[in-house]
Amino acid sequence: MKRFISTVSSILVIAFPLIVSAATWNIDPEHTNVGFKVKHLMVSNVKGVFEKFTGTVDLNEKDITRSKVDVSIETKSINTSVVKRDEHLRSADFFDVAKYPAMTFTSKKVAKAGKGKLKVTGDLNLHGVTKEVVLDVEGPSAESKDPWGNIRKGASASTKINRKDFGLNWNKALETGGFVVGDDVLISLEIEMIKAQLK
């Protein structure tokens, strides 16, 4: 029994600094940009954003690799600044927002990738399909206190996905060759987050 208690105590001594060093940060939607771009007509890129989302980052300052990320994005909040195009993107040809109202990302692994850089591997669920993706992350930044007393951090992230991997297959062939919409979608995130206050 004494040996068991001693073992438990040793585990707690090792784990306690990691536990207390972890803090929850809420992604601030007012100062975060969830953007993407995709090739259009083989000649230019169309850019857009998703305007409504929520997310948390459980950031472990002692061991960044123990951190976790969870994000949910409302698919109907897509905005490419063209009303008819956005309506088409919300339809069953693309995101089918009535059936799939959200896409989610849940991290599984965080790895260091050089000074100030990380690779965050996780599951992206989109259009009813879940695939593993890797985010290239710069940050997180140092802490900053805003004029209202909130503690903030920032980070940038990017990745590339093939939309057909998620069942977004709609397209039309062009007379000159190629298609209306490219397959590769470049995703870019500019993230600002607020440290959750302890209750």
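Before reading further, recall that the structure is shown in the block above.
> Could you give an account of unusual backbone geometry, with specific residues and numbers?
In this structure, Pro 140 follows Gly 139 across a cis peptide bond, with omega equal to 5 degrees. The topology assignment puts Pro 140 in the loop between β9 (129-138) and β10 (144-145). At Met 42, a residue that is not glycine, the phi angle is positive and equals roughly 70 degrees. Note on Met 42: relative accessible area 49%, which makes it partly exposed.

> Which residues make up the packing of aromatic side chains, and what values go with them?
Taken as a whole, this structure holds 3 aromatic pairs when the rule is applied. With centroids separated by 5.7 Å and ring planes inclined at 90 degrees, the aromatic side chains of Phe 50 and Phe 95 adopt a geometry described as edge-to-face. In this pair, Phe 50 is assigned in strand β3 (residues 44-50) and Phe 95 in the loop between α2 (83-90) and β7 (102-112), connecting sequence segments 45 residues apart. A residue is classified by how much of its surface remains accessible, and Phe 95, at 10% relative accessible area, is buried.

> Would you mind going over the nonpolar core in detail, with residue names and values included?
Core analysis: the biggest nonpolar cluster contains 40 residues, and Phe 50, Phe 95 and Leu 126 have the highest contact counts within it. It is strand β12 (residues 181-195) that provides the largest number of residues to this core, a total of 5 residues. Not counting residues within four places of it along the chain, the set of residues in contact with Leu 126 comprises Phe 95, Met 103, Ile 161, Phe 166 and Leu 168.

> Quick one: what's the story with the pairing of β3, residue by residue and with numbers?
Here 7 bridges tie strand β2 (residues 33-40) to β3, and the two strands are oriented antiparallel to one another. The partner of Lys 37 across the bridge, within β3, is Lys 47. The loop that links β2 with its antiparallel partner β3 comprises 3 residues; one of these, Leu 41, has a positive phi angle of about 55 degrees.

> Can you lay out the environment of Glu 61 for me, pointing to particular residues and giving the numbers?
Position of Glu 61 among the secondary structure elements: in the loop between β4 (53-60) and β5 (68-74). Owing to a relative accessible area of 45%, Glu 61 belongs among the partly exposed residues under this scheme. Separated by 38 residues in the primary sequence, Glu 61 and Ala 23 place their C-alpha atoms 8.1 Å from one another.

> Tell me about the environment of Thr 32, and please be specific about residues and values.
Turning to its location among the elements, Thr 32 is positioned in the loop between β1 (22-27) and β2. Between the C-alpha atoms of Thr 32 and Met 193, which are 161 residues apart in sequence, the distance is 8.1 Å. The contacts of Thr 32, once residues within four sequence positions are left out, are Ile 27, Phe 53, Glu 190, Ile 191 and Glu 192. At 2.7 Å, the side chain of Thr 32 and the backbone oxygen of Asp 28 are in polar contact. Among the polar contacts made by the side chain of Thr 32, one reaches the main-chain amide nitrogen of Glu 192 at a distance of 3.1 Å.

> Could you give an account of the pattern of salt bridges, with specific residues and numbers?
A complete count under the given rule lists 10 salt bridges for this structure. Asp 136 is the partner of Lys 119 in a salt bridge, and the nearest nitrogen-oxygen pair spans 2.4 Å. Here the residue Lys 119 occupies a position in strand β8 (residues 117-126), and Asp 136 occupies one in strand β9, the gap between them amounting to 17 residues. Overall, Lys 119 belongs to the partly exposed group, its relative accessible area being 39%. Two residues, Glu 192 and Arg 152, come together in a salt bridge whose shortest N-O distance is 2.8 Å. Within this pair, whereas Glu 192 is found in strand β12, its partner Arg 152 is found in strand β11 (residues 151-162), the two being separated by 40 residues in sequence. On the basis of relative accessible area, Glu 192 is assigned to the partly exposed category, the value being 25%.

Definitions and cut-offs
- Residues numbered from 1 in each chain as written.
- Predicted model: local features only at pLDDT ≥ 70, side-chain atom pairs only at ≥ 80, totals over all residues.
- Heavy atoms only, no water.
- Helix = DSSP H or I, 4+ residues; strand = E, 2+ residues; numbered from the N terminus.
- Buried < 20%, exposed > 50% of the residue type's maximum accessible area, 1.4 Å probe, protein only.
- Phe/Tyr/Trp six-rings, centres within 6.5 Å; stacked < 30°, edge-to-face > 60°.
- Core = buried A, V, L, I, M, F, W, Y, C linked by side-chain atoms within 4.5 Å.
- Contact = heavy atoms within 4.5 Å.
- Pairing = 2+ DSSP bridges.
- Polar contact = N/O pair within 3.5 Å; in protein donor to acceptor, adjacent residues only side chain to side chain.
- Salt bridge = Lys/Arg side-chain N within 4 Å of Asp/Glu carboxyl O.

So, to be careful, I would describe these as geometric facts and stop short of saying anything about function.
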